[in-house]
Amino acid sequence: MADTALTAPLRSPLSQVADRLAAVTRTSGGAIRLAELPFLAQVDVRLDAKGAAADAVGLALGLRLPLEPNTVVRAGESNALWLGPDEWLLIGPPDSERDLESRIREAAGDEPVSVTDVSAQRTTILVTGPRARDLLAHGCALDLHPRAFGSGRCAQTTLGRTQVVLVARDEPRAGFWVLVRSSFSGYLAEWLLDAATEYA
C-alpha cells in the first residue's frame, strides 16, 4: 500500500514575505518591527462562563478564563482571549493544540463544552516598536491609545479592511499580535509593508 502521509515540511502563510517583513526594522530605523509568528496553537472554547466547567478548565490550564470583555489572561506561554460571553480563544506554543484540547475536555467532564482546534485557520503577525500603535491606527477604527486599548486588551476588529483579532501584549515593549485568517494574511502583510514606508 502506498504511503499517503504528508512528508513536505510545513510552510507558513507568510514565508514568502518574511525577509521583507524583517527589513522593515532596518528601513524604519527600529521604529517598527514586523514578523510572522507561525504555527501558534489556537483552540476555540465555548462553555458556560458561570458553570463548573469554567473553573475546572481554568485550573487544568493554569490560567483563568477572562470574564471581562476584550481582555487577555496570560500564564507562561499560554494566553486566553475573551471573544464573547461564552467564548474564548486559547493560544499556546506551536504543537500544543492537542494537549490543550485534551486537558479542556478532561477538565470539563460531563459539562457541555465545545473545543475546536483552529490553529490552521489563522497566522499571527507581530507588530512592535515605538511607532507600532501609529502604524495600526492607519487602518483600524479602534481607539488604540493606551488608555483605551492598553496591554492585556484584545478585540475582534478590522485592519486595512481585513477582519483580525488584535491583541495588545502585556509584556514590556511586546507590541501587538494581529491574528489574521491565513487566506487574507498575504493581503494584510502587503498593507502593513506599505503603511510602514511612512517610517522609512
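Rules of the game
Residues numbered from 1 in each chain as written. Predicted model: local features only at pLDDT ≥ 70, side-chain atom pairs only at ≥ 80, totals over all residues. Heavy atoms only, no water. Phe/Tyr/Trp six-rings, centres within 6.5 Å; stacked < 30°, edge-to-face > 60°. Lys NZ or Arg CZ within 6 Å of the ring centre and 35° of its normal. Helix = DSSP H or I, 4+ residues; strand = E, 2+ residues; numbered from the N terminus. Contact = heavy atoms within 4.5 Å. Buried < 20%, exposed > 50% of the residue type's maximum accessible area, 1.4 Å probe, protein only. Pairing = 2+ DSSP bridges. Axes fitted to C-alpha atoms, helices over the stretch in contact; angles between N-to-C directions.

A.B. asks: How would you explain the packing of aromatic side chains if you had to name every residue and give the values?
C.D. replies: The tally for this structure, following the rule as stated, stands at 0 aromatic pairs. Geometry around Trp 177 places Arg 169 over its ring, the cationic atom sitting 3.9 Å from the centre.

A.B. asks: Pulling in residues and values, what's your account of the environment of Pro 13?
C.D. replies: Turning to its location among the elements, Pro 13 is positioned in the segment before α1 (18-27). Remark: the alpha-carbon pair of Pro 13 and Val 178, spanning 165 residues in sequence, is separated by 14 Å. Here Pro 13 is in contact with Glu 36, Thr 123, Ser 182 and Ser 185, once residues within four sequence places are set aside.

A.B. asks: Lay out unusual backbone geometry in plain terms, naming residues and giving numbers.
C.D. replies: The phi torsion at Asn 70 lies on the positive side, around 60°, for a residue other than glycine. Secondary-structure assignment places Asn 70 in the loop between α2 (52-61) and β3 (72-75). The class for Asn 70 is partly exposed, based on a relative accessible area of 28%. In the Ramachandran plot, Arg 161 falls in the positive-phi region, its phi being about 70° despite a non-glycine side chain. Looking at the element boundaries, Arg 161 is found in the loop between β8 (153-159) and β9 (162-168). For Arg 161, a relative accessible area of 82% gives the class exposed.

A.B. asks: Could you give me a rundown of the sheet that holds strand β2 (residues 41-47), with the residues and numbers involved?
C.D. replies: Strands in a sheet are paired, the pairing made by backbone hydrogen bonds, and the direction either parallel or antiparallel. Judged by pairing direction, the sheet is antiparallel, and its 5 strands sit side by side in the order β3-β4-β5-β2-β6 without closing on themselves. Taken across any chain shown, the strands that pair with only one partner, and hence form the sheet edges, are β3 and β6 (113-117). Between one strand axis and the next, the sheet turns through 20° on average, direction left out of account. For strand β4 (residues 78-84) and strand β5 (residues 87-92), the ladder comprises 5 bridges, and the chain directions are antiparallel. By the bridge assignment for β5, Gly 84 is matched with Glu 87.

Note that every value here comes from positions in space, so none of it alone points to a role or purpose.
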